[in-house]
4 protein chains.
Amino acid sequence: MKLGLVGLGKMGGNMRQRIRDAGIDVVGYDRNAEISDSDSLADMVAQLGEGPRVVWLMLPVQFVKQTLDELKDLLGEGDIVVDGGNSKWINDKNNAAYLSDAGIGYLDVGVSGGVWGRQNGYALMVGGSDPDVATVMPVFEALKPEGDYGFVHAGGVGAGHFAKMVHNGIEYGMMQSLAEGWELLMAADEVTDVPAVFASWQEGSVVKSWLLDLCVLAMKDDPKLDKIRGFAEDSGEGRWTVEAGVDLAVPTPAITAALYARFSSRQEDPPAMKLVSAMRNQFGGHAVVE
Amino acid sequence: MKLGLVGLGKMGGNMRQRIRDAGIDVVGYDRNAEISDSDSLADMVAQLGEGPRVVWLMLPVQFVKQTLDELKDLLGEGDIVVDGGNSKWINDKNNAAYLSDAGIGYLDVGVSGGVWGRQNGYALMVGGSDPDVATVMPVFEALKPEGDYGFVHAGGVGAGHFAKMVHNGIEYGMMQSLAEGWELLMAADEVTDVPAVFASWQEGSVVKSWLLDLCVLAMKDDPKLDKIRGFAEDSGEGRWTVEAGVDLAVPTPAITAALYARFSSRQEDPPAMKLVSAMRNQFGGHAVVE
Amino acid sequence: MKLGLVGLGKMGGNMRQRIRDAGIDVVGYDRNAEISDSDSLADMVAQLGEGPRVVWLMLPVQFVKQTLDELKDLLGEGDIVVDGGNSKWINDKNNAAYLSDAGIGYLDVGVSGGVWGRQNGYALMVGGSDPDVATVMPVFEALKPEGDYGFVHAGGVGAGHFAKMVHNGIEYGMMQSLAEGWELLMAADEVTDVPAVFASWQEGSVVKSWLLDLCVLAMKDDPKLDKIRGFAEDSGEGRWTVEAGVDLAVPTPAITAALYARFSSRQEDPPAMKLVSAMRNQFGGHAVVE
Amino acid sequence: MKLGLVGLGKMGGNMRQRIRDAGIDVVGYDRNAEISDSDSLADMVAQLGEGPRVVWLMLPVQFVKQTLDELKDLLGEGDIVVDGGNSKWINDKNNAAYLSDAGIGYLDVGVSGGVWGRQNGYALMVGGSDPDVATVMPVFEALKPEGDYGFVHAGGVGAGHFAKMVHNGIEYGMMQSLAEGWELLMAADEVTDVPAVFASWQEGSVVKSWLLDLCVLAMKDDPKLDKIRGFAEDSGEGRWTVEAGVDLAVPTPAITAALYARFSSRQEDPPAMKLVSAMRNQFGGHAVVE
């Protein structure tokens, strides 16, 4: 089996290596010629030889559509495209229908694991048809962690990215919970060795988790996190989780709180508080910080 | 009737004037001799003449206890102390018991209205016994707005401050709601004249309210609130409302959100977001703002 | 001037009367022949005579698109369609572009005021071009409350519904704040006459508002609201406000809390709490309610 | 070394066994004679022999104070009392001062691990002086999990329970995050095998955690959790975490959301939504569910 892999950045590059380590040929394509195995998408497809050909996209969301356009011309009946990026699940059904006009199959795969995935394996959440999943299974086997877990065929097209979106939503909430607890420990005078408290929880406690392990790692170099600004971006999936909840009337207050805390962290001068301050000034003559 | 009034700051000073305008004698006492009508608490009490004497405290919370200590010696059977400050309701029962040893009555009064109260009247929420309320009624009549509203005998000792605390909790939530809406209008490109939108809501809309009127006033001078920092203090009653909700298992998510938004506005470098950022860096190699 | 008014339900019917009271001819159309002034949309348009003709839609969201389709054939150059329903602002630009092919103008109008509007006037938030607004101005004058307020030309197409959406978002947050305060007063033993406390706030207090007045009215008939179930629907605009905030990275925690409280009120057996309960059972042997 | 252990319920009973398995003598006392090793507290203390004697309390919060009263008479100079229950950290300094009059030392220990602790070990968070910790260290070694983690001397008296409180607050937020994600997966049509998705996350994913493992276990018997009601109690520490945050002006929105979701789950007819519904009825004639 040969796999075409489009996008060889931090994630894609590591995945190429892990798949090759499992004995599968990978022809990578990246706009950056230095890391690419091919000169163009067309060249990459040509190198894949006889079908069924499988092309895995590991691209930023904004490049997916145009790449699908090109691949629709390059691939054909029985071939399969896998979108392994952080695409919005709601686009998957459209993408699948678009490719299916040309007889091309489509799988959407949520990939978790970050920079640790090359070594430990990537958790994979897959959406699509049984036959398409069966075809790509050797690649999934190469990527996933050893053991019983780390792979799920979650449902039809869209289910993979939906499951990944929810996974990331949960991740937002867990990170926020750890962070609130840490802030509280730091603010109070009671606990004198906060990193030691976090480290102690790594065995025997209810909050034992990989995210906790990462907190402990981060505090090893920088016990009070003095070198890191209190500023967090968000990557889309937190927003989509909240939107999906709103759409389905499912309350997600903790995940939403986590998202809003990131929004707030990026506001130097929170606009809403300007109006609150203005009202306080109007009714109470409260001192306003100008 | 003569009233002793302790604390002649922004609130107390205006209240003295409004009570005098209603024809009631007021002997004020303040540490600031320039605005005081008496040299000391003892002098003030002496000027009140024969009982039943009524002494109204309009003091910052931290000065209430010591003033009650002094008044317990100066007053006696049948006299009444009124705590009109923003005291925590939970102290009222103790204060009442403490004074009742000396036969002194006690009323707790929540006073709303801010700097507009002198002209428009103050909303009063009163806790205490029927006879004590009846004794002080002329003062309440002087302070409250004209008409049917603006005064309530809410229950026994503690009920006045409890009602005022809840009033302020609601106020937090309403202010936050207006502020969130304003921030959204300002952030989107759709609405080109935000102050005009707020002004239009002053008649015929569901959000018609005094707080909305204050928003409109504030935007008259400073349409985008450029002169005001996004920074809001909190004065205690928001915190007590959340605590009372937690204690009684009553969820108060909107009021709590309002309180937390004020907390966040005072954090230049939100600690929790440091740890979120640190975790993101650990698992994803996400760029961290240092 | 003659106005075509489509949709004569609770809102539309009252508005027809208020516009007529101001001396403007209204030809109404409704699927319900008993209240309709015309047999069909075509008949209604025919009765409007020479242009410029103005047709105001007061329809449930799901009927707007098909009605625009029909009106595009019936109207022409210089005519104007007004969407006064609770439509999503994001559709307005499309609707305007669609009609503009036929030379038909488009205004989006957010209308607030509920069943009280016929008597007190409706707050109007309008989006669209200056000339179109000028043409429809007599109708706006008829509908709005007397005085300086209750009308705003908020911006271009979409601004009216956007402003109305934000208005309703604020309304959600205000209602939730009042409701949380009420629940807390009812849950605690301190305050013995909760309706009297709410009534007292109607003058001189910071929370003075039309929504507070409505609370007082509701408690007059039913002091403990025993006759009303704790169950609240949501009508779309709360959800859109949260979505717009998420899209623009504007945190709206109080408004979101209000929306989620309504979602939760409709869950008899909250699913998330099943899993929380299951986890508690797994780690702690906590008693689980089965 | 001999340890006195008061309270032999689910937690205490398992701990007695684990400590004995490590070769330490334990004299247990419980009101339930069938499981007790002694007839009374006095008998238990007598069986401990010569000092320094260590007595570990594993009691519901409400029984701690009276037990300390009794132990103050039974113990003396150089002995140590350990409060291993879920006591509020704020009481620890008082308890320590109370016992120190009699020369008795005091340690507060937060114990995590639930019913799995006997086998896997208990995470221990300890507050108190270095010499007292050193004395009790053999017992801590017996209880903690094997390896580097699971024990921390977090600070002076109070630090153990404070750390445990924060641990549980984080636990609330993590559980809520998992539960929100699960509810969303169940509500949407995309994912057809929700238990498989959760199971897949157990390796290679960012949300890998012990709580996730418990979710998977719970779904093994009951894939849709049909047998469990959506109803969750709270045990105090979530409330204290929110209170501590409010007191220190540390926003804890995700943990608070988790607590409030539990509160809401216990309200059959949410009071706040009665007033929201009543207001909607007043202004809009919205249908009210009666």
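Residues numbered from 1 in each chain as written. Chains lettered and ligands numbered in written order. Predicted model: local features only at pLDDT ≥ 70, side-chain atom pairs only at ≥ 80, totals over all residues. Heavy atoms only, no water.

Some details on the overall build of chain A
Scanning chain A from N- to C-terminus turns up 12 helices and 7 strands. Among the 290 residues that make up chain A, the fraction classed as buried is 64%. Approximately 10,300 Å² of chain A is accessible, and the part contributed by carbon and sulfur atoms is 47%. Across chain A, the 24 positively charged side chains and the 41 negatively charged ones have centroids separated by 3 Å. (Helix = DSSP H or I, 4+ residues; strand = E, 2+ residues; numbered from the N terminus. Buried < 20%, exposed > 50% of the residue type's maximum accessible area, 1.4 Å probe, protein only. Areas by Shrake-Rupley, 256 points an atom, 1.4 Å probe, with all protein chains shown as cover. Lys, Arg positive; Asp, Glu negative; His and termini not counted. Charge placed at Lys NZ, Arg CZ, Asp CG, Glu CD.)

A look at the interface of chain A and chain D
Counting from both sides, the interface comprises 67 residues of chain A and, opposite them, 67 residues of chain D. With both sides pooled, the region where chain A packs onto chain D buries about 5,600 Å², and carbon together with sulfur makes up 72% of that total. The three residues of chain A that bury the most area against chain D are A:Leu184, A:Glu190 and A:Val206, which together make up 13% of that side's buried surface. Our count for the chain A to chain D interface comes out at 2 salt bridges. Counting across the interface, chain A meets chain D through 16 residue pairs in polar contact (both at pLDDT 80 or more). Residue assignment for the side of chain A that touches chain D shows that the elements contributing at least two residues are strand S6 (123–127), strand S7 (151–155), helix H7 (159–187), helix H8 (194–200), helix H9 (210–221), helix H10 (237–248) and helix H11 (253–265) of chain A. Residue contributions to the side of chain A that touches chain D peak at 18 residues, all from H7(A). Looking at the side of chain A that touches chain D residue by residue, the classes come out as 38 nonpolar, 21 polar and 8 charged. (Contact = heavy atoms within 4.5 Å. Buried area = accessible area lost by both parts, 1.4 Å probe. Salt bridge = Lys/Arg side-chain N within 4 Å of Asp/Glu carboxyl O. Polar contact = N/O pair within 3.5 Å; in protein donor to acceptor, adjacent residues only side chain to side chain. Nonpolar A, V, L, I, M, F, W, Y, C, P; charged D, E, K, R; others polar.)

Overview of helix H9 (residues 210–221) of chain C
If you check H9(C), its first and last C-alpha atoms are 18 Å apart, about what 12 residues at 1.5 Å a residue would give, namely 16 Å. Contacts made by the buried residues of H9(C) are with helix H7 (159–187) and helix H8 (194–200) of chain C together with helix H12 (271–284) of chain D. (Expected span 1.5 Å × (residues − 1).)

What to know about the relation of the copies chain C and chain B
Superposition record for chain C on chain B: RMSD 0.0 Å, screw rotation 180°, translation along axis 0.0 Å. When the rotation and shift are considered jointly, the pair of chain copies conforms to a two-fold rotation axis. (Least-squares fit on C-alpha atoms with pLDDT ≥ 70 in both.)

Details of the sheet that holds strand S3 (residues 54–57) of chain C
Note on sheets: strands pair through backbone hydrogen bonds, and any given pair is parallel or antiparallel. All names here are of chain C. One open sheet holds the 7 strands; their spatial order is S2-S1-S3-S4-S5-S6-S7, and the pairing between them is mixed. With one partner strand each, in any of the chains shown, strand S2 (25–29) and strand S7 (151–155) form the two edges of the open sheet. Strand after strand, the sheet turns through a mean of 25° between neighbouring axes, direction not considered. The sheet contacts of helix H6 (residues 130–143) involve strand S1 (2–6), S3, strand S4 (80–83), strand S5 (105–112), strand S6 (123–127) and S7, and relative to S5 the element is tilted by about 30°. Its contacts with the sheet put H7 on S4, S5, S6 and S7, and the angle it makes with S5 is roughly 15°. (Pairing = 2+ DSSP bridges. Axes fitted to C-alpha atoms, helices over the stretch in contact; angles between N-to-C directions.)

Some words on the packing of aromatic side chains
Per the stated rule, a full pass over the model turns up 24 aromatic pairs over all chains. Positioned over the ring face of B:Tyr98 is B:Lys65, at 4.2 Å from the centre of the ring. (Phe/Tyr/Trp six-rings, centres within 6.5 Å; stacked < 30°, edge-to-face > 60°. Lys NZ or Arg CZ within 6 Å of the ring centre and 35° of its normal.)

Some words on the sheet that holds strand S3 (residues 54–57) of chain A
Residues and elements named next belong to chain A. On the basis of which strands lie adjacent, the open sheet formed by 7 strands has the order S2-S1-S3-S4-S5-S6-S7 and mixed pairing. The open sheet has two free edges, formed respectively by strand S2 (25–29) and S7, since each of these has just one partner strand. Strand-to-strand, the axes of this sheet are offset by a mean angle of 25°, without reference to chain direction. With 4 bridges connecting them, S3 and strand S4 (residues 80–83) associate as parallel partners. When the sheet's bridge partners are listed, Val-54 is paired in S4 with Ile-80. Helix-sheet contacts for helix H4 (residues 92–100) involve S4 and strand S5 (105–112), and the interaxial angle to S5 is about 145°.

So, the relation of the copies chain A and chain D
Laying chain A over chain D is done by rotating through 180° and shifting 0.0 Å along the axis; what remains is an RMSD of 0.0 Å. Of the interface residues in chain A, 100% have counterparts in chain D that sit at the interface too, so the contact is made through matching surfaces.

Examining the interface of chain C and chain B
Counting residues at the interface gives 68 residues for chain C, matched by 67 residues for chain B. Both faces combined, the contact of chain C with chain B buries some 5,600 Å², and carbon together with sulfur accounts for 73% of it. Considering only the surface of chain C that becomes buried against chain B, C:Leu184, C:Glu190 and C:Val206 emerge as the three largest contributors, covering 13% of it. If you look at where chain C meets chain B, you find 2 salt bridges. With its nearest N and O atoms 2.9 Å apart, the salt bridge here joins B:Glu190 to C:Lys93. At the boundary of chain C with chain B, the tally comes to 16 residue pairs in polar contact (both at pLDDT 80 or more). Looking at the side of chain C that touches chain B, the elements that each hand over two or more residues are S6, S7, H7, H8, H9, helix H10 (237–248) and helix H11 (253–265) of chain C. If one sorts the elements of the side of chain C that touches chain B by residue count, H7(C) sits on top with 18 residues.

A closer look at the side chain of B:Ser265
Take B:Ser265: it is sitting in helix H11 (residues 253–265). Classification of B:Ser265 as buried rests on a relative accessible area of 8%. From its side chain, B:Ser265 meets the backbone oxygen of B:Arg262 in a polar contact 2.8 Å long. Not counting the four nearest positions on each side in its chain, B:Ser265 is found in contact with A:Pro270, A:Met273, B:Gly230, B:Phe231 and B:Ala232.

Quick look at the pattern of salt bridges
In the structure shown here, the tally under the stated rule is 52 salt bridges over all chains. In this structure, the salt-bridge partner of A:Arg266 is A:Asp234, at a minimum N-O distance of 3.0 Å. Note that A:Arg266 is positioned in the loop between H11 and helix H12 (271–284) and A:Asp234 in the loop between H9 and H10, a separation of 32 residues in sequence. According to the relative accessible area criterion, A:Arg266 is partly exposed, its value standing at 24%. Looking at A:Asp234, the relative accessible area reads 13%, which means it is buried. Between B:Arg239 and B:Asp234 there is a salt bridge, and its shortest N-O distance comes to 2.7 Å. You can call B:Arg239 buried: its relative accessible area is 19%. Among the charged side chains, a salt-bridge network with shared partners connects A:Glu233, A:Asp234, A:Arg239 and A:Arg266.

Here's the deal with the environment of C:Ser177
With respect to the helices and strands, C:Ser177 occurs in helix H7. The spacing of C:Ser177 and C:Leu48 is 129 residues in sequence and 46 Å in space, taken between C-alpha atoms. When residues no more than four places from it in sequence are discounted, the contact partners of C:Ser177 are B:Ile170, B:Gly173, B:Met174, B:Ser177, B:Ala254 and B:Ile255.

Let's talk about the confidence of the model for chain A
Residues with a pLDDT of 70 or more make up 98% of chain A, whose mean pLDDT is 95. Two summary scores accompany this predicted model of the complex, namely pTM at 0.96 and ipTM at 0.96. (pLDDT = per-residue confidence, 0-100.)

Notes on the pairing of strand S2 (residues 25–29) of chain D
Residues and elements named next belong to chain D. Of all 5 residues in S2, 4 are buried, a share of seventy percent or more. Both strand S1 (residues 2–6) and S2 contribute to a ladder of 5 bridges, which runs parallel. In the strand pairing of S2, Val-6 is matched with Tyr-29. Tracing the backbone out of S1, into helix H1 (residues 10–21) and back to the parallel element S2 gives a crossover that is right-handed. (Right-handed = clockwise from strand over helix to strand, strands pointing away.)

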